[in-house]
Each structure stands twice: as C-alpha cells, then as structure tokens.
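Spelled out, the chains give:
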Amino acid sequence: MTAVYGDFMWQATEHMQTAAHCSQQKLRKRPTLATLDAAQQMTKVLLRYLHDFTPETIGIHGQRVHLWDRVNDPRILLQEANRILHRLGDQVVGHPRDAHHLVPTHISAATLALGTGHDLLKTHYTPRSDWANALEHPDVQLALLDMVARQARLLGLVMEAVHNELRRAGLPFTSLYRLVNTLRTSGEATTRPTGPWGTETLAAVPLRTERAPTSIRPTSSVEEICTGIVADAEGIRAALPVESAVSGTRCERNAAAAAVIVHCAHDVVTLLIRRHIELHPSSDLLLRRTLRKSVEELDRVSKRWQAIRRCWARSVMKTEPPAESPHLDRMVIRMGRLGSRDPEWTIKRRDLMPMKTPAELAPTSSDMSRVLLSMRRALEALAILAERDATGLITDRAALGIVLNPLVNASSQDDAARTAVIQPLLIAYREVIGHINVVLSHLNQATLQAAAPTQCPGLAAEISALDRRRDPSVLTALSDSPLIGGTAPPSRTTGATGQPIAGSSPTNRSISRSFSGASQQSGKPTR
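Keep in mind that this is a model prediction, so the values were computed, not measured.

### Things to note about helix 16 (residues 367-395)
Okay, step 1: With 29 residues, helix 16 extends 43 Å from end C-alpha to end C-alpha; this agrees with the ideal 42 Å at 1.5 Å per step.
Okay, step 2: With 22 of 29 residues buried, helix 16 is to be regarded as a mostly interior element.

### So, the pattern of salt bridges
Close approach of charged atoms allows side chains of opposite charge to pair.
Okay, step 1: If you walk through the whole model with that rule in mind, you get 27 salt bridges.
Okay, step 2: The partner of R178 in a salt bridge is E80, with the nearest N and O atoms 2.4 Å apart. In this pair, R178 sits in helix 9 (residues 173-190) while E80 sits in helix 4 (residues 68-91), placing the two residues 98 residues apart along the sequence.
Okay, step 3: Accessibility expressed as a relative area gives 18% for E80, which makes it buried.
Okay, step 4: The salt bridge involving E431 is made with R304; its shortest N-O contact spans 2.8 Å. Highlighted residues: E431 in helix 18 (residues 415-450) and R304 in helix 13 (residues 285-315), separated in sequence by 127 residues.

### Remarks on the side chain of S369
Okay, step 1: Topologically, S369 is positioned in helix 16.
Okay, step 2: The contact partners of S369, leaving out residues within four places of it in the chain, are T447, A450, A451, Q455 and L459.

### With respect to the packing of helix 5 (residues 102-122) against helix 7 (residues 138-161)
The description of two helices packed together rests on the angle between their axes and the distance between the axes.
Okay, step 1: Contact geometry for helix 5 and helix 7: axes closest at 12 Å, N-to-C directions at 165°. When the axes of helix 5 and helix 7 are compared, the pair comes out roughly antiparallel. Note that helix 5 runs across helix 7; the crossing there is left-handed. Here helix 5 contributes V103, I107, L114 and L121 to the contact with helix 7, which in turn contributes L144, M147, Q151, L155 and V158.
Okay, step 2: Looking at the contact of helix 5 with helix 7 residue by residue, the class counts come to eight nonpolar, one polar and no charged.

### Some thoughts on helix 2 (residues 34-51)
Every α-helix winds through 3.6 residues per turn, so residues three or four apart in the chain are directed the same way.
Okay, step 1: For helix 2, spanning 18 residues, the distance from its first C-alpha to its last is 26 Å, which sits close to the expected 26 Å at 1.5 Å a residue.
Okay, step 2: Most of helix 2 sits inside the fold, with 13 of its 18 residues counted as buried.

The rules we used
- Residues numbered from 1 in each chain as written.
- Predicted model: local features only at pLDDT ≥ 70, side-chain atom pairs only at ≥ 80, totals over all residues.
- Heavy atoms only, no water.
- Helix = DSSP H or I, 4+ residues; strand = E, 2+ residues; numbered from the N terminus.
- Expected span 1.5 Å × (residues − 1).
- Buried < 20%, exposed > 50% of the residue type's maximum accessible area, 1.4 Å probe, protein only.
- Salt bridge = Lys/Arg side-chain N within 4 Å of Asp/Glu carboxyl O.
- Contact = heavy atoms within 4.5 Å.
- Axes fitted to C-alpha atoms, helices over the stretch in contact; angles between N-to-C directions.
- Parallel < 35°, antiparallel > 145°, perpendicular 65-115°, else oblique.
- Left-handed = near helix turned anticlockwise from the far one by under 90°.
- Nonpolar A, V, L, I, M, F, W, Y, C, P; charged D, E, K, R; others polar.

Any link to function would need more than the numbers given here.
Here you go:
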C-alpha cells in the first residue's frame, strides 16, 4: 500500500502528545539535556515547512504569496526559538545526556516523521504532478500551517514542563522563559481556521512513485474491477506528458480508447438507473434525475471523442505504429467488464458482450457509490488526456506539419493547413473537456446521494481531493488560444500564384464540418 502524508502527520502528532504527557508525569527518570537537542531538530523541520511559503520558493511551489503575511511572524518566532536552543545547547556542552529518555526519544521520532512527510510532499514538484495543485489550494495550505502550529504548541508544552529540570542544570531562567513563550506564541500566530476537507486532502497526498500497470485476470467482481479502474486512472494522471513532437497516431489512439470508455460508462449508468427504479420505484427521484443528466452528457462526450478520432484519422499520415498506453488499454478492458457478465471480455473480440443485470452490478443503493466514483475517476483521467493532447497542439504547431497527410492537406508545411486542422480539433478538445467536467459534477452529486450516511464523510473528502488536483488554468489556456477565439482559416481561395491554398481545400472544409456541433464560444459547452 502506498504511503500517504497522513501516516506521518498522525504519527508525529501522536509522538508529540506522548512526549508532552511524559514530561508532565513524575517519572523515576526526569527529562535530561537531550531534550534541548531534540527540540532544536524539531524547530529546524518546522522551519523547513514554513520556508516553502517564502517568496524565494514561489517559483517552485506555486502562488503562495497571499499567505506570506500569515507565515512571516511565526517563522521569525521559530527562528528565534531555534537560536535560543542552539545557545542553550552550547552552554551545556560536555554535560551528560540521556538520549534514551522517553521525552527526547518521542520528540526525535516526531521530528523524523515530519521530515519524512515533508520529503514526501516535495516529490510532487520535481517534476510537478497534479497533487501539487491540491497542495497549493488555499484550504490545504491553511491545513499545513495548522499542522505546524499544533506541533509548535506541543513542543512549547514539553519545554514548559521540563523548565525546572533544565534550570537545575544551570541554564538561565530568562532564556528558558523566552523559549517557552516564543514556541507557544508561534503556535498561536500560525493557527488559522481551515477550509472544508483541507486536512483530509493534505493527509491523502501519496508518495510519488512509478505506477506499473496492474495485471488483469478474468473476473466479474465489481469491487475488484472498480479497484483496477482507480489504479489505471491514477496511472494515467501520474504519467508525464510526452515530450516528443505531436503524434497523430497517439492522439487518435487516445480518442478511440476514450470513446469506448465513455460508451461503457454510458451503459453502466443506464444499468444503475434501472437498478434504482427496482429498489425505489416511487421515491428518491433526485438521484435518478442526476443519473439521467449524466447519461445525457455522456452521450455528448462520446460523440465529440468520435469526432476527434475521425479528424485525426483523416488528416494524419500513418507513419508510425500506435504508441502503447498500458494504463489506458487496461482501463478500456475493465470498463467493459464492469458492465459485462463475461469475465474475459476484451475489446479485440468485437462481439456484443452480455450485460450484467442491475442487481449484479449494484445489490444495494450504497453499492452504487463506489461504482460511480470509479467511473468518475476514469472520466477525469480522460479529461486530463484531452488537456495534454490539446496543449501539445498549441505548443508544437510546427511539428504538426510533419505528420499531416499531404494528400489531404495540399501543403502540410503551410500555416493555413495546420490551422485548418488545429482549429476544429482544439474546439472539439475544449468541448469534450467541458462536457466531461459537467459529467463529473453530476457524478459527484450522484455518488453522495446514493451513499449511506456513514459513507458520506469519506466520499466527500475523496471527491474534494480529486477536485483540488485539477489545474483550472489548462482549460483557460485552451479557451484563450487565438486558434479558438474566433481566428478562422483564410477566407481567400487562391494565393499570390493563383494556386489553391491548403486552408480552403474541400477536404479541410469537410474536416471542419465534422465538428459542426462544436461551439466556437468560450463559455459553457453546447448541448
């Protein structure tokens, strides 16, 4: 099981609470000077967390400058506490230290857990993953500052409890008093109310690892299939964007797979509607209405993915074999098996798969939640694929001329030919992302509406973390692209030499007409 930040956060809190409890008990062995060394290491780790909010690191850690005013005061206080601890440590050099005492041992364990957790968070910035978007959400940042505050306050309680023992060792009262006051004040200065599910999102951040595709074995278990779909979706999200030039065959393959996945999701949601009617024939119409809205949007998403695939197939030369996409290929199979009775179904068979009965898919209403959430994850992974392919079209327009089919585009190196292909593709990509976002909103509601009361808090936290991982600037960049915002191919049909230009060829006009259902406005997707 993958480690998550919450494992280290709760472990550190538990160790610091134990240290505070032990420091206040009349144990046979009193806290020793080793507590100073452990406390100094703790302040260093806490300062590492606050350093991530400084203006110097904004370029690495995103737009956190709005929190700097809240961070600077506790940062100065913790720096002062660290200096006091360093001076006190220098005054007792050579004195015996019992490093095995319970109080310094637990402080050191908490320091190790917090330091390891900080390293875990940093893995999402080199290179950047979508979890970095969640970490930079204001609610999650406030939760991180609240965690630092709690640790600083607990450390202040420990140092206050061992105050008398340290004075007996000859340490000055003034310095010890300033140390305790500084730690407690820094904890109070950092404390801010956190937003909904901010702490839960922070706790859910996993260790950045390479996700190998999970093996597929014949199964009809809905729970096992849903677990596999979630793993495949995370694999797609974790994969780095392809750095090579635009690959028409790769984009066409992605669109074909996405169309199949959306079609399977459409069938599964339809089965869930039938099951809900069986379970609640005359009540709970809200969930049924939400599922029907999802089916309508899924139909629109499917049509646009098919249009994208046709455009790539028509305008791009087949000069390279399709690139492998293990996670996407496995997701196609698992989405098909989710609604199929055949445990060995694959897309290669191309036969009419026998569908599960509604009761086999979801025995109870609460069982619908896990199915809906796994489909939500799959569809969001497709939106991320669309964002990557569309971004590649904008950033690598020159390379697209190499892969355009000269039989379709009169001059594949001509900018008009590239624009004639790119513009309708970008419009369709933007629309498919917009419609998927609408589906995600419906599935979020349906997941919570179908869940049992005891399931709702956990599901709400999981959905909140997923929403915060999305980067809203990607869709904004696509909408603001001059290739979408009203810039059309040249209207003239001949160039200076009297020859037809590529942008006005009948074939390119037919490609544009294949996206006639796609809106060229930058608002909400058309219906």
